[in-house]
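Structural description and commentary
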Protein chains: 2
Amino acid sequence: MTQYWSSSFTLGILGGGQLGKMLLDETARLDIHTAVLDPSAEAPSVGRTNRFVQGKLMDYQTVLDFGRSVNLVTCEIEHINIDALRQLEKEGIPVRPSPEIFATVGNKAHQKAFYQRHGIPTLPFFTFETKAEMLEKLGPLPVVWKAATGGYDGRGVAILRNQEDVDAVPDVPGLIEDYVGAKREISILIARNPSGETQAFPAVEMVFHPTANLVQHLHSPSSLAPELAARAKEIAEQVAEKFDLAGITAVEMFVTPGNKIYVNEIAPRPHNSGHHTIESHFTSQHEQHLRGILDLPLGSPRALFPAVMLNILGGPDTGAPIYRGLVDIMKEEGVYPHIYGKTETRPFRKMGHITLIGATLDEALARAERVRNMLTVNGQ
Amino acid sequence: MTQYWSSSFTLGILGGGQLGKMLLDETARLDIHTAVLDPSAEAPSVGRTNRFVQGKLMDYQTVLDFGRSVNLVTCEIEHINIDALRQLEKEGIPVRPSPEIFATVGNKAHQKAFYQRHGIPTLPFFTFETKAEMLEKLGPLPVVWKAATGGYDGRGVAILRNQEDVDAVPDVPGLIEDYVGAKREISILIARNPSGETQAFPAVEMVFHPTANLVQHLHSPSSLAPELAARAKEIAEQVAEKFDLAGITAVEMFVTPGNKIYVNEIAPRPHNSGHHTIESHFTSQHEQHLRGILDLPLGSPRALFPAVMLNILGGPDTGAPIYRGLVDIMKEEGVYPHIYGKTETRPFRKMGHITLIGATLDEALARAERVRNMLTVNGQ
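For clarity, every value in this text was computed on a predicted model and none was experimentally measured. (Residues numbered from 1 in each chain as written. Chains lettered and ligands numbered in written order. Predicted model: local features only at pLDDT ≥ 70, side-chain atom pairs only at ≥ 80, totals over all residues. Heavy atoms only, no water.)

Some thoughts on the relation of the copies chain B and chain A
With an RMSD of 0.0 Å, the fit of chain B onto chain A corresponds to turning through 180 degrees and sliding 0.0 Å along the axis. On this basis, the relationship between the two copies can be described by a two-fold rotation axis. Across chain B, the smallest distance between a C-alpha and the rotation axis is recorded for Arg48 of chain B, namely 2.2 Å. Looking at the interface residues of chain B, 100% of them are also at the interface in chain A, so both copies use one shared face. (Least-squares fit on C-alpha atoms with pLDDT ≥ 70 in both. Contact = heavy atoms within 4.5 Å.)

Some words on the sheet that holds strand β6 (residues 143-147) of chain A
Residue and element names in this part refer to chain A. In space, the 4 strands of this open sheet follow the order β5-β8-β6-β7, with antiparallel pairing throughout. Only two strands of the sheet have a single partner each, and these edge strands are β5 (125-128) and β7 (157-160). Across the sheet, the mean angle separating the axes of adjacent strands is 20 degrees when strand polarity is ignored. Strand direction decides the pairing type here: β5 and strand β8 (residues 174-178), joined by 4 bridges, are antiparallel. By the bridge assignment, Phe126 is partnered in β8 with Ile176. Running over the sheet, helix α5 (residues 108-117) touches β5, β6, β7 and β8 and is turned about 50 degrees from β8. (Pairing = 2+ DSSP bridges. Helix = DSSP H or I, 4+ residues; strand = E, 2+ residues; numbered from the N terminus. Axes fitted to C-alpha atoms, helices over the stretch in contact; angles between N-to-C directions.)

Here we look at the sheet that holds strand β6 (residues 143-147) of chain B
Within a sheet, adjacent strands bond to each other through the backbone by hydrogen bonds, running parallel or antiparallel. Residue and element names in this part refer to chain B. Reading across from one edge, β5-β8-β6-β7 is the order of the 4 strands in this open sheet, with antiparallel pairing throughout. Strands at the two margins of the open sheet, each flanked by one partner only, are β5 (125-128) and β7 (157-160). Averaged over all adjacent pairs, the angle separating strand axes in this sheet is 20 degrees, with direction ignored. Inspection of the sheet shows β6 paired to β7 by 4 bridges, in the antiparallel sense. Bridging from a neighbouring strand, Trp145 pairs with Ala158 of β7. Seen against the sheet, helix α5 (residues 108-117) touches β5, β6, β7 and β8 (174-178) and runs at an angle of roughly 50 degrees to β8.

The following block contains the structure:
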């Protein structure tokens, strides 16, 4: 077996944002050498990797050249040149997870069709190529509209409640999905390695920001009853198997008031909904991703403590970030701020997160309430 | 107050070994920019800091130039040019902890005299400048001989049991100390910030390698009864106050069979005896050091779990390290290997460590027994 640690083996990571940065903490602990490709010379991963390459993730030749310079390629972002990854695979350079997963997941209509084809529960939907086609097929409101591509952090998704909402929809390919109002949203981080071993972290529950459609906080464990949590885990395992995953994947699911579970979407990489694992689980999602892509034994997915995670989102002004209240937060026991190191803050941009642990979930939630409004970040 | 995070503030770290590398995990989490000075272009911290400078830590001009290029200087090693640090302080660049601490601690005779002068309990001793002076003052054997300078990881220390041992002692300045046979050895990591806040981690107990005079494993909590642990903490606080410490310091102590506690020596920096804090305490020793030197509020020193730490020591052959058994160890729950990334292994060199946590100390110790002989490193 390859000796990954303290050797000439180099792991190539496409994307140098906060997810890459946190993955680099795990490669450092095991002394696995890395190279990172990112368009920004000020990306959070700069100064944390053995070799940083500045370049465009959507450029075929850039990704190909980068991939050829390393021993195995993984991604911390989905917006990457998939054809270059396919070419790398042909040349014998492993890409984990497979480029085909990114191809499917990168188009929401294809992703939904995949679930339908494989018997994975997902909310009823129809797809369309043009707005005219959408209008033709549209039934009673409300429904959820999603652009097939280009959506991220709330862009490209809308609830259509009335004619005004329908008129505002752009003329792009997409899908219309049933609207479920009072639903819970959960995420299961699941890891798989090429040997076929699978491990799922316990479900976490996401609470969304009322206007920004971003996760405001999440808590683990979720409020799901044991049978429902077991059912969600089965669905996540089904997703992992059907996609033939390698590394970690976030499987985001809806739970309806009638306790039906539907897969919303997946992210085949470390994910915002798994940050709490760093402090509150035996194994972090980043370590688990590393184990999965390198075909190492997967780590224990068990929780050590209940935890809450708060995103630190940019305030109204764009500019160099000024953080207020961080010193006060540092006085609290069991509170772990992570500052990603982005050089520009923008409204609702993810600038960092805070994990709060507790002996009980109530204790962690109480800590979260105390610190929620302490820390702000805004541009100057 | 200075905004340390995501700003132009740069922390300068003298030494780029494993202690520096682990400190860099904490600066990364808070996005505090760093520069590291180390003589080796392959030091463990390379690729983990914003700016790496290759240069000699004992060279006056090198240390001075490095210090002038940063906003605050700290050290992960004691073998540094103290005059350059004194000059930096004169120029208004904070050095934490103070250079005078390194001056005192760097000479074991001066260190012992410091304890005596400040009423800090330490084993009875006498100092000498030459071997002739030592022989003149020498009483009955056994005693412990220590060179005043140059000792590290078992070099420069010897138990003199017979005339042969006495003959083998080199003619250098040093000290002779009472020998205590069946003693326990403990360490308390204590942090202080310039505002005067002090926080002590619970005592850890060190178990030594039978021949190499290196820590083989340590466990936390120690076996000390509560009153004795409280007394050890008081002594550590006395040390922190008398030295006017900033950042973290390891206070190593002997506990005699009659339950007397004596300070053996201190290391005014993160220390091998504090590695377990990374996984098993609310705050790691490295984060606590960072908080201490930057005059931030100190973190909670409380333990989350009992823990055991095993050093990974180099096998008999010098060369590029080959690790055996790491994959097997990764199958165990609650077991955290750290590979420092040294490019050459030597007999008994610290190549890494493993932290093992458990719901009880017995569980952590059982895990340690299981993995102790699984992982080896040797040169090729």
